[in-house]
Amino acid sequence: MAKNLTIVVADDHPMLLKGLTEELTANGFNVIDTAVNGAIALELITRLNPDIAILDIEMPLLSGFEVIKKCEDKNLKTKFIVLTSHKESRFIFKAKTLNISGYLLKDEPFQEIQKCIHSVFNGEHYYSSTFNDVFDKEISPKIQKIKLLSPSERTIIRLIADNKSSKEISESLLISIRTVQKHRSNIINKLDLSSDQDALNNWVATNKLLLASI
């Protein structure tokens, strides 16, 4: 099956790109082209329509996520695997929202990449165990807490994410500052945050992607 698979690989680190390409080829995979930045990757994927594209997240010109997003409306058969060093929850949540087929860490053995490619080609999802751990232990609990917020509280927290002050929020929603502050207090309680003055703002700053999904 490996020889029938067409693969495009993109990474802005030449040695990593060369090593991965050679390893894939040595194991019978058909790497039809490579890219050193996101713009080239997008052009190759659009033109060649490979079965699978293996992308780094952080690349010049376009990130791996931006490449995947731009491919959504192009009616391609290509399935995407992200190969990255990022374990942070914001990257993992972004991958989930894009419905990426595979998410692997660069420090994992090549056998994991092989398993991922075969699984993805067969229509399955294949994620690093770290990916699943972070999603289950960090992201999912936050999502459950966000779901506890009332419609008014969700509106307030979105405006906080837009860097609006309590005064600006009150003027925008035609409510009193006291009401805004009451909503903020309720939000802090539901998210189990500390009573520190900056706790909510700091939480919002690091969870904007999650808030955009509600």
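Check the entry above for the structure.
To start, this report covers the structure provided alongside it. (Residues numbered from 1 in each chain as written. Predicted model: local features only at pLDDT ≥ 70, side-chain atom pairs only at ≥ 80, totals over all residues. Heavy atoms only, no water.)

In the structure shown here, the tally under the stated rule is zero aromatic pairs. K96 extends its terminal NZ or CZ atom over the ring of F135, reaching a point 4.8 Å from the ring centre. (Phe/Tyr/Trp six-rings, centres within 6.5 Å; stacked < 30°, edge-to-face > 60°. Lys NZ or Arg CZ within 6 Å of the ring centre and 35° of its normal.)

Evaluated as defined, the whole model comprises ten salt bridges. The partner of K69 in a salt bridge is E72, with the nearest N and O atoms 3.4 Å apart. With a relative accessible area of 48%, K69 lands in the partly exposed category. For E72, a relative accessible area of 46% corresponds to the partly exposed category. (Salt bridge = Lys/Arg side-chain N within 4 Å of Asp/Glu carboxyl O. Buried < 20%, exposed > 50% of the residue type's maximum accessible area, 1.4 Å probe, protein only.)

Let us look at the sheet that holds strand 3 (residues 52-55). Sheets are built from strands that pair by backbone hydrogen bonding, the pairs being arranged parallel or antiparallel. Spatially, six strands are ordered 2-1-3-4-5-6 in an open sheet, and the strand pairing comes out parallel. Strands at the two margins of the open sheet, each flanked by one partner only, are strand 2 (30-35) and strand 6 (126-127). Of the strand pairs in this sheet, strand 5 (residues 102-105) and strand 6 are connected by two bridges, and their pairing is parallel. The residue of strand 6 that forms the bridge with Y103 is Y127. Its contacts with the sheet put helix 1 (residues 14-26) on strand 1 (6-10), strand 2, strand 3 and strand 4 (79-84), and the angle it makes with strand 2 is roughly 170°. (Pairing = 2+ DSSP bridges. Helix = DSSP H or I, 4+ residues; strand = E, 2+ residues; numbered from the N terminus. Contact = heavy atoms within 4.5 Å. Axes fitted to C-alpha atoms, helices over the stretch in contact; angles between N-to-C directions.)

Moving on to the side chain of N207. For N207, the position within the fold is in the loop between helix 10 (199-206) and helix 11 (208-212). Polar contacts involving the side chain of N207 include one to the side chain of K142, which spans 3.0 Å. Separated by 2.7 Å, the side chain of N207 and the backbone oxygen of W203 make a polar contact. (Polar contact = N/O pair within 3.5 Å; in protein donor to acceptor, adjacent residues only side chain to side chain.)

Side chains of a nonpolar character, in soluble globular proteins, are inclined to be buried together. Within the largest apolar cluster, 48 residues are counted, with the highest numbers of intra-cluster contacts made by L55, Y103 and I157. When neighbours within four sequence positions are excluded, Y103 is seen to be in contact with I57, V82, T84, H86, F91, I92, A95, Y126, Y127, S128 and F131. Counting 19 residues, the second-largest nonpolar core is a separate cluster that includes L5, V9, L104 and C116. (Core = buried A, V, L, I, M, F, W, Y, C linked by side-chain atoms within 4.5 Å.)

Before going further, it helps to examine the pairing of strand 1. A regular strand places its side chains on the two faces of the sheet in alternate fashion. Within strand 1, five of the five residues are buried, which leaves it mostly tucked inside the rest of the structure. Taking every second residue as pointing to the same face, both faces of strand 1 are buried, with T6, V8 and A10 on one and I7 and V9 on the other. Bridge count for strand 1 against strand 2 is five bridges, and the pairing is parallel. Residue pairing in the sheet places T6 in a bridge with N30 of strand 2. Considered for its hand, the β-α-β crossover made up of strand 1, helix 1 and strand 2 is right-handed. Summarising the sheet, strand 1 and strand 3 pair through four bridges and their orientation is parallel. Pairing of V8 across the sheet is with A53, part of strand 3. (Right-handed = clockwise from strand over helix to strand, strands pointing away.)

Quick look at unusual backbone geometry now. What is expected of a backbone is that most residues other than glycine have negative phi and most peptide bonds are trans. Positive phi, normally seen in glycine, also occurs at N49, with a value near 50°. Secondary-structure assignment places N49 in the loop between helix 2 (38-48) and strand 3. Even without a glycine there, the phi angle at L61 is positive, about 75°. Take L61: it is sitting in the loop between strand 3 and helix 3 (64-71).

Geometry only, nothing functional implied.
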